[in-house]
Amino acid sequence: MIRDTRPQLQCTPTAACAKQRLMAIQEGLGLPQHGIIQAVPTRWNSTLHMLQRMLEQKRALSVYSGEHGTFASLSAEQWDIISNLVDTLGDS
């Protein structure tokens with residue numbers, strides 16, 4: 001599951017104009033204006049942080065994906081798996 005998620009996040013907004021658009025979407029949805037975290041192999045908890053941020057920004061990522069089509073939206077089942085992973089890993 002995480003292997004499926006990482007490539008999609010590698011294509012998330014990184015250019016300044018894309019970050020500005022994401023921030024505008026976040027503001028419009030009333031979400032915190034946080035950047036997207038990417039997992040780093042040298043940080044053991046970065047995958048958990050990435051998944052937590054994905055859940056926080058789920059609606060903004062869906063809107064951005066719909067507008068730009070730069071990465072595929074996750075299915076409802078994949079979002080459920082991510083939620084369960086965050087619940088499980090976040091408790092430890």
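Here the structure is a predicted model, which is why all the values come from computation and not from measurement.

Draft legend 1. Looking closely at the overall build of the protein. Looking only at helices and strands, one finds five helices and zero strands in the protein. For the protein, buried positions account for 34% of its 92 residues. Across the protein, the fraction of contacts at a sequence separation of at least 24, relative to all contacts at a separation of at least 6, is 64%. Surface exposure of the protein reaches about 5600 Å², of which carbon and sulfur atoms provide 53%.

Draft legend 2. Representation of the packing of helix 3 (residues 46-56) against helix 5 (residues 76-90) in the model. Interhelical geometry of helix 3 versus helix 5 gives an angle of 130 degrees and a closest axis separation of 10 Å. In terms of orientation, helix 3 and helix 5 fall into the oblique class. Taken as a pair, helix 3 and helix 5 cross one another with a handedness that is left-handed. Only W79, I82, S83, L85, V86, L89 and G90 of helix 5 make contact with helix 3, whose side of the interface consists of L48, L51, Q52, M54 and L55. Of the residues belonging to the contact of helix 3 with helix 5, the class tally is nine nonpolar, three polar and no charged.

Draft legend 3. Molecular detail of the pattern of salt bridges. Evaluated as defined, the whole model comprises two salt bridges. One salt bridge connects E67 with R21, and the closest N-O pair in it is separated by 2.4 Å. Here R21 lies in helix 2 (residues 16-29) and E67 lies in helix 4 (residues 58-68), a separation of 46 residues in the sequence. Under the relative-accessibility criterion, E67 is labelled partly exposed at 40%.

Rules used in this analysis
Residues numbered from 1 in each chain as written. Predicted model: local features only at pLDDT ≥ 70, side-chain atom pairs only at ≥ 80, totals over all residues. Heavy atoms only, no water. Helix = DSSP H or I, 4+ residues; strand = E, 2+ residues; numbered from the N terminus. Buried < 20%, exposed > 50% of the residue type's maximum accessible area, 1.4 Å probe, protein only. Contact = heavy atoms within 4.5 Å. Areas by Shrake-Rupley, 256 points an atom, 1.4 Å probe, with all protein chains shown as cover. Axes fitted to C-alpha atoms, helices over the stretch in contact; angles between N-to-C directions. Parallel < 35°, antiparallel > 145°, perpendicular 65-115°, else oblique. Left-handed = near helix turned anticlockwise from the far one by under 90°. Nonpolar A, V, L, I, M, F, W, Y, C, P; charged D, E, K, R; others polar. Salt bridge = Lys/Arg side-chain N within 4 Å of Asp/Glu carboxyl O.

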